[in-house]
Amino acid sequence: MNTGLRDRYAIVGVGQSRLGEVEGSTALGLMMEASLEAMNDAGVQKSEIDGIICRGPDDMYGFHQQLGQLLGIDVGFSTTLDNGGASQILSIILAVSAIEAGLCNTVLCGYARDAWSRTHRSEEARMSQRASGAAVSPFARDIYSSETFGLFGAPAMHAFGAQRHMDLYGTTKDQLGAVAVAFREHANRNPLAQMHSKRLTLEDYRAGRPIVDPFNLYDCSLRTDAGGAVIVTSMERARDLRRAPVKIAGFGTHNNVSGWFHGENMVNTAAIQSSKKAYQMAGLGPKDIDAFEVYDCFTYMALVQLEDYGFCRKGEGGPFAESGALRLGGALPANTAGGQLSEGHAEGMLQIVEAVRQARHDYGPDRQVKDAEVVMVSGHGGNTVCHSSLVLKST
Amino acid sequence: MANEFDEAMVLPPLPQVTEETRPFWDSCKEGALKLQRCSDCSEFRFPRSVACPACASMSYSWEPVSGNGTIFSFVTFRRLYHKAFASLLPYVVAVVELSEGPRLLTRLVGLKDDDTVKCGSPVSLRLETISDDLVLPLFELAGTHG
Ligand SMILES: [Zn+2]
């Protein structure tokens, strides 16, 4: 771990696109919206951007090239990442590494998706389309022939982990519900959140439409059109820019690419090693974290990371969530903009944007984590086994 | 031969049988599940690979397994994703750890209303004929058959 990188780089601007069901939007268009807002926030001209590291929908080749073309710039370093929800923090890790290597100076990192617009229909409609057989390949596509055995969709894969955690540690449905309810309360305070106007009580959660036990509708993240972007540069250069920089105190990544079914990867996630590296680089520990912007593709994934980041002991994520710790004003305010369960699902990019805003104290008292100085961000994905961690610090 | 997909009159998505996976599917049709076994360190493995994940040896043979194991984890589908499964809802998909070590993805069959499925529950193989070309390695709670 190179602790010499601690506090030497910064995020100097953030942006996000319109968010939610943005009729007719495209991933590239949303990426542009977010990128321009981030550059404007930082006070950086597009001619000063000399690195692009981003990610879009899986089926778009060379997303970074398409973004560069729309911006009309050439850059010293650019690539599209392929580590699922771990990619967005990885883009910042790679930006710091590329600047450190002298390949570029000011990097645009971002992610966008048009998950709602490209299907342009509700989850309900999509499922009934699948149920009629219309949108399903006649062949099971993965190495386990999952679909031949009736396994469909991301919820089920993550639900295996939730079920094992429940059987090993006594985690309950209501404890998963505590995660969903806490994040929804935060979304209710965020006027841009997809679920801003929809309340969710524990009773509502319990009555959620069944999907695949132990998950119901409210355990699953949203179908969202959204883009997010940040600008990364050195602290040296950051001092001349418009906004107070937010220091990159540390980062880490780890990838259990042996697979979700291997070992105890379902309940001991790659977040264990990833967070350890990030804490080490930052010279900080779990007790120093003022807010946690956690990757919540499903309630269980947020819950298990509470343990894997050391905020509580292994197996105690359920009681910890149930204690109210994750709420604004709680011991560890988490997903303070609503998270992917309630703000909108942009594969962790909006969590990074929110962490920066919290560290800059951008908000009024209804949304600001009081005296927040150190914010932990997590990213998780790529068939549920890849993880990255980012520690941000106020200046 | 009648099977559980007859009522739906549609088959689930079929496995892509390749030269690498054909011995697995053929063994099911022949009535005794076989997995790759390393000729050097004797470890069984799944999913199929040209090399042993334990010792990287590329020599192997296809050997029968006991068909006994335990549930590593499981999920219960309550929403329909594919019409082949309409009459099976709710159905349980499980990761089963064979006594030989490898973990298979499978579906549980023969469950009764009062059966309790838990991580660790013992299970045994039940080969189910789906079509002339396909026999699936499904599992049932141990001791429930017949
Ligand atoms: Zn071997």
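Residues numbered from 1 in each chain as written. Chains lettered and ligands numbered in written order. Predicted model: local features only at pLDDT ≥ 70, side-chain atom pairs only at ≥ 80, totals over all residues. Heavy atoms only, no water.

Caption draft 1: Structural context of the overall build of chain A. A tally of regular secondary structure across chain A gives 13 helices and eleven strands. Here chain A has a C-alpha radius of gyration of 20 Å; the compact-globule value for 395 residues is 21 Å, and the two agree. A principal-axis box enclosing the C-alpha atoms of chain A has dimensions of 55 × 45 × 40 Å. Out of the 395 residues in chain A, the part that is buried amounts to 64%. (Helix = DSSP H or I, 4+ residues; strand = E, 2+ residues; numbered from the N terminus. Rg over C-alpha atoms; globule rule 2.2 N^0.38 Å. Buried < 20%, exposed > 50% of the residue type's maximum accessible area, 1.4 Å probe, protein only.)

Caption draft 2: Summary view of the layout of surface pockets. The space that makes up the second largest pocket amounts to roughly 440 Å³. The wall of the second largest pocket is formed by 21 residues, among which Pro90, Val92, Leu111, Lys112 and Val117 of chain B lie closest to the centre. Those elements giving two or more residues to the lining of the second largest pocket turn out to be helix H5 (153-169) of chain A together with strand S4 (68-77) and strand S5 (91-98) of chain B. Considering only residue class, the lining of the second largest pocket consists of nine nonpolar, four polar and eight charged. (1 Å grid on protein atoms, 1.4 Å probe; cavity = no way out; pocket = protein on both sides within 12 Å on 5 of 7 lines; lining within 4 Å. Points joined across faces, edges and corners; volume = space filled by probe spheres on them. Nonpolar A, V, L, I, M, F, W, Y, C, P; charged D, E, K, R; others polar.)

Caption draft 3: The environment of Ser131 of chain B, seen in detail. Structurally, Ser131 of chain B can be placed in strand S7 (residues 122-131). For the pair Ser131 of chain B and Asp6 of chain B, spaced 125 residues apart in sequence, the C-alpha separation works out to 9.9 Å.

Caption draft 4: Representation of the interface of chain B and chain A. The partner chain A presents 39 residues to the 35 residues of chain B that form the contact. When chain B packs against chain A, close to 3,500 Å² is buried across both sides, 64% of that on carbon and sulfur atoms. Looking at the side of chain B facing chain A, the largest losses of area belong to Arg79, Tyr81 and Leu105 of chain B, adding up to 24% of the total buried there. Applying the counting criterion to the chain B and chain A interface returns two salt bridges. Of the charged contacts in the structure, one is a salt bridge between Arg78 of chain B and Asp213 of chain A, with a shortest N-O distance of 2.5 Å. At the boundary of chain B with chain A, the tally comes to eleven residue pairs in polar contact (both at pLDDT 80 or more). Elements supplying a minimum of two residues to the side of chain B that touches chain A: S4, S5, strand S6 (103-107) and strand S8 (134-141) of chain B. (Contact = heavy atoms within 4.5 Å. Buried area = accessible area lost by both parts, 1.4 Å probe. Salt bridge = Lys/Arg side-chain N within 4 Å of Asp/Glu carboxyl O. Polar contact = N/O pair within 3.5 Å; in protein donor to acceptor, adjacent residues only side chain to side chain.)

Caption draft 5: Examining the side chain of His158 of chain A more closely. Residues and elements named next belong to chain A. Examined against the element boundaries, His158 turns out to sit in helix H5. Given a relative accessible area of 8%, His158 falls into the buried group. With residues near it in sequence (within four places) discarded, His158 still touches Phe215, Trp260, Cys297, Phe298, Tyr300, Met301 and Thr384.

Caption draft 6: Structural view of the nonpolar core. By size, the foremost hydrophobic cluster in this structure holds 97 residues, and its most contacted members are Phe160, Phe183, Phe292, Tyr300 and Leu326 of chain A together with Val75 and Phe77 of chain B. A domain-level breakdown of this core finds at least three residues from each of domain 1 (19-65) and domain 2 (66-146) of chain B. Each residue touching Leu326 of chain A, except ones within four places of it in the same chain, is listed here: Val179, Ala182, Phe183, His186, Leu306, Phe320, Ala321, Leu332, Pro333 and Ala334 of chain A. Listed in part, the 43 residues of the second largest apolar core include Val230, Leu328, Leu350 and Val369 of chain A. (Core = buried A, V, L, I, M, F, W, Y, C linked by side-chain atoms within 4.5 Å. Domains from an automatic or database assignment.)

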